[in-house]
Amino acid sequence: MPKRKVAALEKVEADLVSLQYKIRRDPRSYAQEFYDQWLAYDAQRQIFVSSPATASSEDVKKFHDLVDLVAHVANLYPEITAPFPDHLKELLNQHHAALDKELREKIVGSLVLLKRKDVIDSTSLLTTLFPILINTPSKTLRSLLYTKIISDLREANNKTTNHKLNRTIQTVLHNLVTSDRTSTKGMWACRITRELWRRQVWNDARPVDVMKEACLSDNEKVVVGGVRFFLGGDKEREEALEDDASDDDVDLKKVKHQGTINKKTKKRSKQYEKAIEKIKKQEKKKHAPHPLNFSALHLIHDPQGFAEKLFQKHLQNTKNKFSLENKLLVLQLVTRLVGLHKLTIISLYSWFVKYLSPKQANVTSFLASLAQATHNLVPPDVIEPLIVKIANEFVSEASAVEVCAAGINSIREVAMRQPLCMNETLLQDLVMYQKSKDKGVVMAAKGLQSLYREVYPELLQKKFRGKQATMGLRSGEIKLRRFGEEEEGGIEGLELLARYKEEQKKKKAAEEAEEDENGEKKAKKDDDEEDDGFNSDEWEIGSTDSESSGGWIDVSSDEEDDGPAKKKARKSKGGDDDDEDEAPDLVEKEDPAAEAERITKLATTTILTPADLAKLQELRREAKLDKMLGTTQSKRKKELIEKHIEDGVTAEDIELPAMLGKKSTKEERVALARDGKPGREEHKSTQAIRKSKKEAAGKSTTNKEKARKKNFLMTIGKARAKNKRSLVETKKALTNHIAKSKQGGRRRNGV
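Residues numbered from 1 in each chain as written. Predicted model: local features only at pLDDT ≥ 70, side-chain atom pairs only at ≥ 80, totals over all residues. Heavy atoms only, no water.

Quick notes on the overall build of the chain
In step 1: Along the backbone of the chain there are 35 helices and zero strands.
In step 2: Among the 751 residues that make up the chain, the fraction classed as buried is 33%.
In step 3: Long-range contacts, defined here as pairs at least 24 residues apart, represent 71% of the contacts in the chain between residues at least 6 apart.
In step 4: Counting every atom, the chain has about 49200 Å² of accessible surface; 51% of that belongs to carbon and sulfur. (Helix = DSSP H or I, 4+ residues; strand = E, 2+ residues; numbered from the N terminus. Buried < 20%, exposed > 50% of the residue type's maximum accessible area, 1.4 Å probe, protein only. Contact = heavy atoms within 4.5 Å. Areas by Shrake-Rupley, 256 points an atom, 1.4 Å probe, with all protein chains shown as cover.)

Structure follows, in C-alpha cells:
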C-alpha cells in the first residue's frame, strides 16, 4: 500500500525545534500553530510570575523550550509577540534570584537574540541587564551579564561609533560611581570602562571622567580600580593591539603549498580565499591612517584640581585607612600627574619628608615618586631640603652599599629634572663617592657627575668638569638655565635642515664661482691662442699698411696690463668670498643666537616641501646614528626625562646601579646559562630538534624519509621488477623521471 501524503497543516509535531524550522520556512502556513504555542507560553509565564520558586522541573523545561521558540521566530510575528520583550524583562528584574539557573540564562540569551533581530535596541537591552549585574548575588549570572554587556557594546560600535548609546551608558556608569561613594557597586563601572578602553571601543574624555570620579570614591576597592586604570590602562591597550595583530597573521605561502600538494577540494579553495581576504584586511589596516589615541592622563579635565583632591583625600588625610600598597598606587598617580602636566602642589614635597628613611618599607617607591613629582617649575628651595635629607639618611660610609647607591641615584633622578636644587658643597661630596670600592656606588656617583657636566658644570670642580664641559663653558655653548626658563619649541631637527640648506647654498655658490673662473680662464686661453696663431692674410694686410705709412705701428699695452689686473682682482674677490664663507662658520660656532635666528626664519618664512620633510627625516636618522655611535655629544637628559614623563619612574630605576654592581651568585649564573636551552630530559640531536619543529609547524616529511620508513613487503615487488628490467627500459624510466622532475613532479608544481 503506497504511503499517504500528509498536508502541511494536517500534522503538527510536538517537537518545538521541528516546528521552529517549519515556521522559518513558511511563516504564513504555520501561523495558527505558533499562536497555539504562544498561548501555552503565556499560561506558563503567569505561573512563573506568581510563584517561580514552586514550579516543577517539568514546567521549567517546558517554559524554557517555549521561550526559546518564541525568541527565534518573534520577528516573523511582530503583532503577536509585541509584549514578549517586556515579559522577559519583567520576569528577569523581579525574579532573577529565584529563577532556575538554566532558565535565567535562557531569558538573558533570548533578550540578546531579540536585539540581534532588531526587535529591541541596545539601549533597552543594556538598561535592563545593568541593574541586575549590580544587584544579583549570583556569581555565574554576573559573569554572564558582564560578558553580554561588553559584547553588545562592541558590536554596536563595530562599524561606526554609536555616540548616542555610548553617552547613555557612560552617564549610567558616572551616576553609579557618584550616587553612593561608599558602595562597592562602582567596581562594575571601573571594570566595564577599563575593558572597553582596552579594546578601544571608548577612547575619548567621557570614560576618563568616569574613572576620575572612581579615584575620588570613599571605597578602597573602587579607588584602586580607578588608579590602576590611569597607571596601566594605556599599556594594556597597546598589548591588546599587538595581540590582535599577531592573531590575524596568516601564512599565505603555507596555505598555497597545501593546496598544491593535496587534493583540490572546495573546502581548501575556500580556505585559500579566506586567507587572501584576511591579508587584504591586514594591508588595509596597515595603510589606514593611525587613530589619535591619547593617553588617559592627557584627557583629564582640570588635572591640577584632580591631583589636589586626590592628594588631600587619600594621602594628606590622617583618617584615611588605606593600606600602604594602595597609598603608594595613589601617590604614583598624583606624582605622574604633577610631572606630566607640570603642576604645583607645594604641600606634596613636605609630605615626603617622613617617608625618606632607609628603614621605611618600599622606600625606593617613595624615592621614585619624588623624582616623578619633580619638574623644572618646582621651586628649588622646596626640593633642596629633601635632597639634603636623602643625602644624610642614605649616603654615608656607614650605610650599606645598596642603600648608598639608591640614595645617590634618586638624587640624580631629581636633579635631572631640576638641576638648581643642588648646592656646590653637597655635589662635591657626592661626586667623591666614585672612589668607592663598590661598583654600584661608583656608577651612581659617575652618573651624577656626567649629568652636571651637561647641565650645570660650574658647580663641579675644574678637575671633574671634563674636556667638553670646560670647552662649552669657555665658548658659551653651555649656559645655565634660570628658574622657570623654558626651551624654545619647534620642529624636531629643524636646525639640521637649516644647516644642510646653508651648506648647500655655500656649495652652489662655490661651484658657480669656480665655473665663472674656469670660463674666464678658457676665454683668456683662446685669446692667447688667437694672438700667437699665424694668419698670412692678416700679416700681409698689416705689412701693406706699414709700408704705405712708412712708420711704426703703435701697440697698446692696456689689454696686457688689464688682463692680469682683472685676474688679480677676481682672485682677491674670490678670496673675499672665501672669507665670507668662513665667517658664517665662525659665527655659527661662536654665536648661537645667529643660528637660532636662522632656524626661526626657516620655520616662519618657509613652507617645507615633501622633499624637505624627507630630507629632515633622513637627517634625524643620521643624527640618531651619530649619537648611538658616540660621534656627537649625547643629549641623554632630555630623552630620559621624556621617557619617564610617559612611562613614569619605577623602583627598579632607583635600584638599578646597585643591581648592576652586585655580583651574581652561582645559581643565578647557571640559570642564566640554561635560559633558552633544552633541559636534560629534552636533550635531542640537532636533526631531532629540527624534526620536532617541523612537526609542530604542521609540515610533512620528505620523500626520502617516507621511502626509508616504508614497509619492506610493500617495496619488494617494485625491487624485483627493477631487477628484471632491460637496459632500454631502465633508460626510458630514467628519461621519464628527469622530464617529470623538470616539470615539478607528478602534479607539475614547477609549471
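So, helix α19 (residues 401–417)
In step 1: For α19, which comprises 17 residues, the first-to-last C-alpha distance of 25 Å matches the rise-based estimate of 24 Å (1.5 Å per residue) to within 8%.
In step 2: Across the 17 residues of α19, 14 count as buried, placing the element largely inside the fold. (Expected span 1.5 Å × (residues − 1).)

Notes on unusual backbone geometry
In step 1: Unlike most non-glycine residues, D118 shows phi in positive territory, near 65°.
In step 2: Summarising the element assignment, D118 is placed in the loop between α5 (101–116) and α6 (122–135).
In step 3: Look at D302: it is not a glycine, yet its phi comes out positive at around 55°.
In step 4: According to the relative accessible area criterion, D302 is partly exposed, its value standing at 43%.

Some words on helix α1 (residues 16–25)
Think of an α-helix as 3.6 residues a turn; residues three or four steps apart then line up on the same face.
In step 1: Those residues of α1 lying buried are L16, S18, L19, Q20 and I23.
In step 2: Looking at the buried side of α1, the elements it contacts are α2 (31–50) and α3 (57–73).

Remarks on the packing of helix α17 (residues 363–372) against α19
In step 1: At a minimum axis distance of 8 Å, the contact between α17 and α19 shows a crossing angle of 15°. In terms of their interaxial angle, α17 and α19 are classed as roughly parallel. Viewed along their axes, α17 and α19 form a crossing whose handedness is right-handed. On the side of α17, the interface is formed by L367, L370 and A371, while α19 contributes A406, S410, E413, V414 and R417.
In step 2: Of the residues that constitute the contact of α17 with α19, the class distribution is five nonpolar, one polar and two charged. (Axes fitted to C-alpha atoms, helices over the stretch in contact; angles between N-to-C directions. Parallel < 35°, antiparallel > 145°, perpendicular 65-115°, else oblique. Left-handed = near helix turned anticlockwise from the far one by under 90°. Nonpolar A, V, L, I, M, F, W, Y, C, P; charged D, E, K, R; others polar.)

Some words on the environment of I654
In step 1: Looking at the element boundaries, I654 is found in helix α30 (residues 651–661).
In step 2: C-alpha of I654 to C-alpha of T364: the two residues are 290 residues apart in sequence and 6.4 Å apart in space.
In step 3: When neighbours within four sequence positions are excluded, I654 is seen to be in contact with T364, L367, A368, A406, N409, S410, E413 and V649.

Observations regarding empty space enclosed by the protein
In step 1: Counted according to the given criterion, the structure contains three cavities of 30 Å³ or more.
In step 2: Its volume calculated, the second largest cavity comes out at about 40 Å³.
In step 3: Taken together, L126, F130, I149, L153, I169, V172 and L173 form the lining of the second largest cavity.
In step 4: When contributions to the lining of the second largest cavity are tallied by element, the ones reaching two or more residues are α6, α7 (139–156) and α8 (163–179).
In step 5: The greatest single-element share of the lining of the second largest cavity, amounting to three residues, is contributed by α8.
In step 6: In terms of residue class, the lining of the second largest cavity is built from seven nonpolar, no polar and no charged. (1 Å grid on protein atoms, 1.4 Å probe; cavity = no way out; pocket = protein on both sides within 12 Å on 5 of 7 lines; lining within 4 Å. Points joined across faces, edges and corners; volume = space filled by probe spheres on them.)

Description of the packing of helix α4 (residues 84–95) against α5
In step 1: At a minimum axis distance of 10 Å, the contact between α4 and α5 shows a crossing angle of 145°. Like other packed secondary-structure pairs, α4 and α5 cross with a definite hand, here left-handed. Facing α4, whose interface residues are F84, P85, L88, K89, L91 and L92, α5 presents R104, I107, V108, S110, L111 and L114.
In step 2: A class-by-class count of the residues in the contact of α4 with α5 yields nine nonpolar, one polar and two charged.

Quick look at the pattern of salt bridges
It is possible for side chains of opposite charge to pair when their charged atoms get near one another.
In step 1: What the rule picks out here adds up to 13 salt bridges.
In step 2: The residue R417 makes a salt bridge to E413 at a minimum N-O spacing of 3.2 Å. Here R417 and its partner E413 are both found in helix α19, four residues apart, which amounts to about one turn of the helix.
In step 3: Taken together, the salt bridges that share partners define one network made up of E195, R198 and R199. (Salt bridge = Lys/Arg side-chain N within 4 Å of Asp/Glu carboxyl O.)

Re a negative patch on the surface
In step 1: Taken together, E511, E512, E514, E515 and D516 make up a surface patch of like negative charges.
In step 2: Here E514 shows up in helix α24 (residues 494–532). (Patch = residues over 30% accessible without salt bridge, like charges linked within 9 Å, V, L, I, M, F, W, Y side chains within 5 Å. Lys, Arg positive; Asp, Glu negative; His and termini not counted. Charge placed at Lys NZ, Arg CZ, Asp CG, Glu CD.)

Remarks on the packing of aromatic side chains
In step 1: Under the defined criterion, the tally for this structure stands at 15 aromatic pairs.
In step 2: Arranged with centres 5.2 Å apart and planes meeting at 70°, the rings of F229 and F230 form a pair that is edge-to-face. Of the two residues, F229 and F230, neither departs from the other in class, the shared state being buried.
In step 3: Taking the centre distance of 4.6 Å and the plane angle of 5° together, the rings of Y355 and F366 count as stacked. (Phe/Tyr/Trp six-rings, centres within 6.5 Å; stacked < 30°, edge-to-face > 60°.)

Things to note about the side chain of H95
In step 1: One can find H95 in helix α4.
In step 2: Here H95 falls in the buried class, since its relative accessible area comes to 15%.
In step 3: Looking at H95, its side chain comes within polar contact range of the main-chain oxygen of V49, at 3.2 Å.
In step 4: Residues within four places of H95 in sequence aside, it is in contact with F48, V49 and P52. (Polar contact = N/O pair within 3.5 Å; in protein donor to acceptor, adjacent residues only side chain to side chain.)

Here's the deal with the confidence of the model for the chain
In step 1: Averaged over every residue, the pLDDT of the chain is 78; the share at 70 or more is 75%.
In step 2: Overall, residues 1–14 carries pLDDT values under 50, and its contacts beyond four positions in sequence, including any with other chains, amount to eight contacts.
In step 3: Of the regions scoring below 50 in pLDDT, residues 533–590 engages in 14 contacts with residues more than four places distant in sequence or in other chains. (pLDDT = per-residue confidence, 0-100.)

A word on the state of the cysteines
In step 1: Per the stated rule, a full pass over the model turns up zero disulfides.
In step 2: Here C190 is not cross-linked by a disulfide; its sulfur's nearest cysteine counterpart is in C215, at 7.6 Å. (Disulfide = S-S within 2.5 Å.)

Brief notes about a positive patch on the surface
In step 1: Taken together, K710, K718, K722 and R725 make up a surface patch of like positive charges.
In step 2: Within the element layout of this structure, R725 appears in the loop between α34 (712–724) and α35 (727–743).

Section: the nonpolar core
In step 1: Formed by 141 residues in total, the largest nonpolar core has its most connected members in F230 and Y452.
In step 2: Here this core takes nine residues from helix α15 (residues 324–341), the largest share from any one element.
In step 3: With near-sequence residues (within four places) excluded, F230 lies in contact with V208, M211, K212, C215, A296, L297, I300, F306 and L333. (Core = buried A, V, L, I, M, F, W, Y, C linked by side-chain atoms within 4.5 Å.)

Remarks on the environment of S151
In step 1: Note that S151 resides in helix α7.
In step 2: A sequence separation of 45 residues divides S151 from L196, and the C-alpha atoms of the two residues are 9.7 Å apart.

Quick notes on the environment of A40
In step 1: One can find A40 in helix α2.
In step 2: Taking the C-alpha atoms as reference, A40 lies 9.5 Å from K62; in sequence the two are 22 residues apart.

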